[in-house]
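A structural walkthrough
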Protein chains: 2
Amino acid sequence: MSAFDCVSFCRALGDETRQAILQMLQKKGEMGVNAIVAAFERSSQPTISHHLKILKHEGLVTSRRDGKEILYALNGGNVEECCGMLWAKFVPAKSVTTRTRTSKARA
Amino acid sequence: MSAFDCVSFCRALGDETRQAILQMLQKKGEMGVNAIVAAFERSSQPTISHHLKILKHEGLVTSRRDGKEILYALNGGNVEECCGMLWAKFVPAKSVTTRTRTSKARA
DNA sequence: ACAATATATTGACAACTTTCGATATGTATT
DNA sequence: AATACATATCGAAAGTTGTCAATATATTGT
């Protein structure tokens, strides 16, 4: 059974700030919380921590401690798998577009 | 109207009932509202109408009147395009589907 | 042990969502 | 035009979410 739930995955992505965090992690690789907070003049540190918690719980980011910092990084594999699931669930099979190497026939 | 917004797309998909509606439309093709309501013992007619409105506003379904009924259908093209956008936005370019051992990080 | 730094958690509040009953609007039939 | 049917909209209750200030926890250096 797929470990991921399409609904909660979409929920996790259904927020401006969380998408921005993910995209930043994709670009910059690992980042500490402070660095992320600094990049979002708009949001407080607790708010960022809250979003990171949601992203982590959904498996979209990983974290590891490095000294005082905790470094977060995009979990590319899981994001990919979730996107593939979405695709498989809703896109009618006949569409043969662009690059597909995406989905293993296994729904 | 092909300028889709990843966040509102995910928001629209971030609901159990809406995903179920979409999936049913994918399977069964066009359906009237009553038919959909009938399939969801759980939800009232106004609730289904509300969800359909959101899906339509997001371009994920189309609707047309046929006599007394209004028939809804999956807008496969847009769903596909949105999924592709998501993929492009968050999946690192060269990740090769390595069947990650699904470690859904829990707190 | 103490102070400084980095992150997480708590508690509270406003804003938004989901849901439903009641009602309105539109369409066909008699 | 009156009635029946199909769907949309309104208004309110209940639940969920995003946000922040304050506080707690963890780590490092003095």
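1. Describing the protein's contact with DNA strand C
Around DNA strand C sit 26 residues in total, of which N34(A), S49(A), Y72(A), T47(B) and H51(B) are the nearest. If you look at DNA strand C and keep only atoms within 4 Å of the protein, 74% of those are sugar or phosphate atoms. Residue V33(A) places a main-chain N or O atom 3.1 Å away from a phosphate oxygen belonging to DNA strand C. Contact distances for DNA strand C include 2.4 Å between a phosphate oxygen and a side-chain N or O atom of H51(B). When residues of the surface near DNA strand C are traced back to their parent elements, those giving at least two are α3 (33–39), α4 (45–57) and β3 (69–74) of chain A together with α2 (16–28) and α4 (45–57) of chain B. A per-class count over the surface near DNA strand C returns six nonpolar, eleven polar and nine charged.

2. Concerning the pattern of salt bridges
Residues and elements named next belong to chain A. In this structure the tally under the stated criterion is two salt bridges over all chains. Residue E30 is joined to R64 by a salt bridge in which the shortest nitrogen-to-oxygen separation is 2.6 Å. One end of the pair, E30, is in the loop between α2 (16–28) and β1 (31–32); the other, R64, is in strand β2 (residues 61–66), and 34 residues separate them in sequence.

3. Topic: the side chain of S43(A)
Residues and elements named next belong to chain A. Here S43 shows up in the loop between α3 and α4. With relative accessibility at 16%, the residue S43 sits in the buried group. Among all residues touching S43, those that are not within four sequence positions of it are T17, V37 and I48.

4. Quick notes on helix α5 (residues 76–90) of chain A
Helix length check: α5(A) (15 residues) gives 21 Å between terminal C-alpha atoms against 21 Å at 1.5 Å per residue, within 8%. For α5(A), a buried count of eleven out of 15 residues is recorded, marking the element as mostly surrounded by other parts of the structure. Turning to α5(A), its buried residues are G76(A), N78(A), V79(A), E80(A), C82(A), C83(A), G84(A), M85(A), L86(A), W87(A) and F90(A). Turning to α5(A), the residues buried within the fold contact α1 (6–13) and β3 of chain A together with α1 (6–13), α2, β3 (69–74) and α5 (76–90) of chain B.

5. A short note on α2(B)
Two residues of an α-helix separated by three or four positions point the same way, owing to the 3.6 residues in each turn. All names here are of chain B. With 13 residues, α2 should reach 18 Å at 1.5 Å per residue; the first-to-last C-alpha distance of 18 Å fits that figure. Looking only at α2, the buried set comprises T17, R18, Q19, I21, L22, M24 and L25. Two residues or fewer after α2 comes G29, characterised by a positive phi angle close to 75°.

6. Observations concerning the environment of G29(A)
Residues and elements named next belong to chain A. For G29, the location among the structural elements is in the loop between α2 and β1. G29 sits in the partly exposed class, given a relative accessible area of 28%. It is 9.5 Å that separates the C-alpha atoms of G29 and L71, two residues lying 42 residues apart in sequence. Excluding its chain neighbours within four sequence positions, the residues that come into contact with G29 are M24 and Y72.

7. Quick word on the confidence of the model for chain A
The predicted model of chain A averages 86 in pLDDT, with 84% of residues at 70 or higher. The low-confidence segment residues 98–107 of chain A, where pLDDT is below 50, has seven contacts with residues more than four positions distant or belonging to other chains.

8. A short note on the sheet that holds β3(B)
Residue and element names in this part refer to chain B. Spatial ordering of the open sheet is given by β1-β3-β2, a layout of three strands whose pairing is antiparallel. On the outer flanks of this sheet lie β1 (31–32) and β2 (61–66), each paired with one strand and no other. Strand direction decides the pairing type here: β2 and β3, joined by six bridges, are antiparallel. Note on β3: the bridge partner recorded for T62 is A73.

9. Let's talk about the protein's contact with DNA strand D
In the region of DNA strand D, 24 residues are neighbours, and T47(A), H51(A), N34(B), S49(B) and Y72(B) sit closest. Here, DNA strand D places atoms within 4 Å of the protein, and 74% of those atoms are sugar or phosphate. In the model, a phosphate oxygen of DNA strand D is placed 2.7 Å from a nitrogen or oxygen of the S49(B) side chain. Breaking the surface near DNA strand D down by element, the ones donating at least two residues are α4 of chain A together with α3 (33–39), α4 and β3 of chain B.

10. Observations regarding the nonpolar core
Counting residues in each nonpolar core, the largest one holds 59 residues, and the members touching the most others are I36(A), L86(A), I36(B) and L86(B). Each residue touching L86(B), except ones within four places of it in the same chain, is listed here: L13(A), Q19(A), C83(A), L86(A), C6(B), F9(B), C10(B) and V91(B).

Criteria and cut-off values
- Residues numbered from 1 in each chain as written.
- Chains lettered and ligands numbered in written order.
- Predicted model: local features only at pLDDT ≥ 70, side-chain atom pairs only at ≥ 80, totals over all residues.
- Heavy atoms only, no water.
- Near = heavy atom within 4 Å.
- Polar contact = N/O pair within 3.5 Å; in protein donor to acceptor, adjacent residues only side chain to side chain.
- Helix = DSSP H or I, 4+ residues; strand = E, 2+ residues; numbered from the N terminus.
- Nonpolar A, V, L, I, M, F, W, Y, C, P; charged D, E, K, R; others polar.
- Salt bridge = Lys/Arg side-chain N within 4 Å of Asp/Glu carboxyl O.
- Buried < 20%, exposed > 50% of the residue type's maximum accessible area, 1.4 Å probe, protein only.
- Contact = heavy atoms within 4.5 Å.
- Expected span 1.5 Å × (residues − 1).
- pLDDT = per-residue confidence, 0-100.
- Pairing = 2+ DSSP bridges.
- Core = buried A, V, L, I, M, F, W, Y, C linked by side-chain atoms within 4.5 Å.

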